[in-house]
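Observations on chain architecture
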Amino acid sequence: MAERPRTAVIVQARRGSTRLPDKVLMDLAGRTALARCLVRCRRIDAADVVVCAVPKGVENDPVAAEAARAGAVVFRGSETDVLARYAAAARSVGAARVMRITSDCPFIDPAICDRVIAYAEQTGADYTCNNMPPSWPHGLDCDLFSSDLLYSAEKNATSDYEREHVTPWIRTRDSVRKASLVGPGGLAADQRWTLDYKEDLLFARSVFDTLGPAADTAHAADIMALVLRRPDIADMNAGRVDAARIGAGEQADIVSAPQRLEAA
């Protein structure tokens with residue numbers, strides 16, 4: 001049996017945020033949003049290492065320190081060229097493939113991330129994600145690609161947008177075979193579980209406070225059950241749902257059958 005390629009989950013994190021400054025260091029029931037995200041990433045079965053890619057500079061030293069406390073390998077790189085930061089982080093740990101997750105996702109589901117990795121292996125796609133088209137709650141997004149493809153993007157991407165957002169160059173190449181793990185859609189796709197506005201912070205704190213200790217290992221299905229049971233919590237950030245994201249026309253070359261939200 002062929003040896004599985006070394007897989008690095010790389011999470012980008014920094015203090016700067018125009019809409020919700022210091023959001024990754026904000027408290028969610030006793031732990032920072034960054035720690036919540038990284039601890040969940042460490043539960044991805046197919047991940048060999050979790051790296052937190054943090055900008056250089058004293059301003060982001062608290063982020064680096066918090067990432068280390070959460071058990072992640074810390075890599076420091078460019079503040080503005082996030083693509084170069086990702087590529088250098090991948091090289092630093094000898095990654096053969098990279099799963100990209102952002103630090104504003106305190107509810108990232110390790111089981112769904114593993115399903116994306118398994119789907120990549122099943123299809124042989126160059127790039128695999130779960131949002132082409134968007135069909136999972138916003139905040140469960142992840143994508144997987146080889147380090148070689150990442151290094152090609154680093155070498156060839158030229159626009160500020162491509163350098164800041166890491167994957168646009170990859171996603172727009174016709175030569176890249178893309179696959180997407182399709183979620184349940186419908187009401188699930190309308191959910192907003194990411195952290196970008198004050199209303200998102202209220203939502204996240206309410207979920208963690210309501211679930212209590214079970215929040216540490218809650219799956220997407222558990223959170224979905226909560227918001228269905230408690231529409232007052234879902235309403236906290238409903239006004240921030242990104243209609244443009246839901247209506248995005250990006251479509252992968254290969255898409256799975258719709259997947260269910262499943263608890264442990």
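What this report covers is the structure whose coordinates are included nearby. (Residues numbered from 1 in each chain as written. Predicted model: local features only at pLDDT ≥ 70, side-chain atom pairs only at ≥ 80, totals over all residues. Heavy atoms only, no water.)

Further remarks concern the pairing of strand S1 (residues 7–12). Burial analysis of S1 places six of its six residues in the buried class, which makes it a mostly covered element. Side chains of S1 alternate between two faces, with Thr7, Val9 and Val11 and Ala8, Ile10 and Gln12 buried alike. As judged from the six bridges shared by S1 and strand S6 (residues 97–102), these two strands associate in the parallel manner. Each bridged residue has a counterpart across the sheet, and for Val9 the counterpart in S6 is Met99. Inspection of the sheet shows S1 paired to strand S4 (residues 49–55) by five bridges, in the parallel sense. By the bridge assignment, Ala8 is partnered in S4 with Val49. (Buried < 20%, exposed > 50% of the residue type's maximum accessible area, 1.4 Å probe, protein only. Helix = DSSP H or I, 4+ residues; strand = E, 2+ residues; numbered from the N terminus. Pairing = 2+ DSSP bridges.)

Let's shift gears to the sheet that holds strand S10 (residues 254–255). Neighbouring strands of a sheet are bound in pairs by backbone hydrogen bonds; such pairs are parallel or else antiparallel. Ordered by their spatial adjacency, eight strands build an open sheet running S5-S4-S1-S6-S8-S7-S9-S10, and the pairing between neighbours is mixed. Taken across any chain shown, the strands that pair with only one partner, and hence form the sheet edges, are strand S5 (73–77) and S10. Relative to the sheet, helix H5 (residues 147–156) contacts S6 and strand S8 (143–146), its axis offset from that of S8 by approximately 85°. (Contact = heavy atoms within 4.5 Å. Axes fitted to C-alpha atoms, helices over the stretch in contact; angles between N-to-C directions.)

Right, let's get into the packing of helix H8 (residues 198–211) against helix H9 (residues 220–229). It is at 11 Å that the axes of H8 and H9 come closest, and there the two elements cross at 100°. Classed by the angle they form, the pair H8 and H9 counts as roughly perpendicular. Note on element contacts: H9 touches H8 through Ile223, Leu226 and Val227, opposite Phe203, Val207, Thr210 and Leu211. When its residues are assigned to classes, the contact of H8 with H9 shows six nonpolar, one polar and no charged. (Parallel < 35°, antiparallel > 145°, perpendicular 65-115°, else oblique. Nonpolar A, V, L, I, M, F, W, Y, C, P; charged D, E, K, R; others polar.)

Our focus in this paragraph is unusual backbone geometry. With omega at 10°, the peptide bond leading from Met132 into Pro133 counts as cis. Positive phi values are uncommon outside glycine, yet Ala29 reaches one of about 55°. Topologically, Ala29 is positioned in the loop between strand S2 (27–28) and strand S3 (31–32). For Val166, which is not a glycine, the phi torsion comes out positive at approximately 70°. You can see Val166 is positioned in the loop between helix H6 (160–165) and helix H7 (168–171). Judged by relative accessible area, which is 0%, Val166 ranks as buried.

Another aspect to go through is the packing of aromatic side chains. Taken as a whole and assessed by the stated rule, the structure comprises three aromatic pairs. A ring pair is formed by Tyr127 and Phe145, whose centres lie 6.2 Å apart and whose planes are at 10°; its orientation type is stacked. With Tyr127 in strand S7 (residues 127–129) and Phe145 in strand S8, this residue pair connects regions lying 18 residues apart in the sequence. Across the pair, Phe145 and Tyr127 agree in class, each one buried. Joined through ring pairs, the aromatic side chains of Phe107, Phe203 and Phe208 make up one cluster. Just above the ring of Tyr151 sits the side chain of Arg91; from NZ or CZ to the centre is 4.3 Å. Above the face of the Tyr197 ring, Arg240 is positioned so that its terminal group lies 3.9 Å from the ring centre. (Phe/Tyr/Trp six-rings, centres within 6.5 Å; stacked < 30°, edge-to-face > 60°. Lys NZ or Arg CZ within 6 Å of the ring centre and 35° of its normal.)

Just distances and angles here, no functional claims.
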